[in-house]
Amino acid sequence: MSREEYRVDGLAEPISHFTDAVRAGDLLFVSGIVPVDAGGNLVGGSDVVLQTRQVFENMRAVLAAAGCRFEDVAKVVIFLTDIDDRPRINPVRQEVFGATRPASTLVEVPRLAVEGAKVEIECVAVVPA
Amino acid sequence: MTAREQIRVPGRPELAHSADAVRAGELVFVAGILPVDEGGGLTGDDVVAQAEFVFDELGRILDAAECSPADVVKVSVFLTDVDDRPRINPIRERVFGAARPASTLVEVSGLAVSGARIEVDAVAVRPA
């Protein structure tokens, strides 16, 4: 089965030894995405809603690099530093995914790799035929 | 080729009701690896020593699944102290070399074995 790495122009350089996404056959495995701009700077201050919007904008770019859209996402895993933020980011998820409902896991974690980040989201998508 | 195959590697601890990896078609799902030896003992107090062990074990499990680190598509790294991330980076560079998997790294409040500071799981694709 084929394996292809994706490093997306305009997204911050990965902070460790990894890339933005890797395709395995028809599946696209997207790295955990944090709310940073192209320079790696935190976006959205301490506002989890603004942070989540940035995460999904970055995710849109990663998916697009492999020819995917949000409707192709099969699974998301959402890491929040405050589980009580869940209801606040739900409208963003609804807006992004629309009629599509991916499988999902959401958990609280004490800290994320980027200081000040309150949300990180990874996903697996199906590359359209 | 069968659709689902469980992989158990000799010398791996039996910590829970799980296999070391399960192959599903061409994908191999590697269970979370802890820095624990066959007897269930911690393999070091230091996160670097623990990470060395964990990534060596990942290599052994991938080998048993007829894969190598270059075939890994995704890793998840769980640390009890996210500030340890820079310390384990050199190990990730050594293990994966020119290959860069997708990755998620988060801090967690506890792992299944007391004293463990790192756990890593992975998804790999069988080479053609």
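The structure displayed is predicted, hence computed values, not measured ones.

1. Quick word on the overall build of chain A
Right, on to step 1. A tally of helices and strands in chain A yields two helices and six strands.
Right, on to step 2. Counted from the first residue to the last, chain A has its helices and strands arranged as β-β-β-α-β-α-β-β.
Right, on to step 3. Since a compact globule built from 129 residues should have a radius of gyration of about 14 Å, the 14 Å found for chain A is in line with a globular shape.
Right, on to step 4. Dimensions of chain A along its principal axes, counting C-alpha atoms only, are 40 × 30 × 20 Å.
Right, on to step 5. A sequence separation of at least 24 residues applies to 74% of the contacts in chain A between residues at least 6 apart.

2. Overview of the confidence of the model for chain B
The predicted coordinates of low-pLDDT regions are not to be read in fine detail.
Right, on to step 1. Mean pLDDT over chain B works out to 96, with 98% of the residues at or above the 70 mark.
Right, on to step 2. Scored as a complex, the prediction yields pTM 0.96 and ipTM 0.95.

3. Describing helix H2 (residues 86-97) of chain A
Right, on to step 1. A rise of 1.5 Å per residue sets the reference length of H2 of chain A, with its twelve residues, at 16 Å; its end C-alpha atoms lie 16 Å apart and thus fit the reference within 8%.
Right, on to step 2. Directly after H2 of chain A, the chain includes Gly98 of chain A, whose backbone phi takes a positive value near 55°.

The rules behind these values
- Residues numbered from 1 in each chain as written.
- Chains lettered and ligands numbered in written order.
- Predicted model: local features only at pLDDT ≥ 70, side-chain atom pairs only at ≥ 80, totals over all residues.
- Helix = DSSP H or I, 4+ residues; strand = E, 2+ residues; numbered from the N terminus.
- Rg over C-alpha atoms; globule rule 2.2 N^0.38 Å.
- Contact = placed C-beta atoms within 7 Å.
- pLDDT = per-residue confidence, 0-100.
- Expected span 1.5 Å × (residues − 1).

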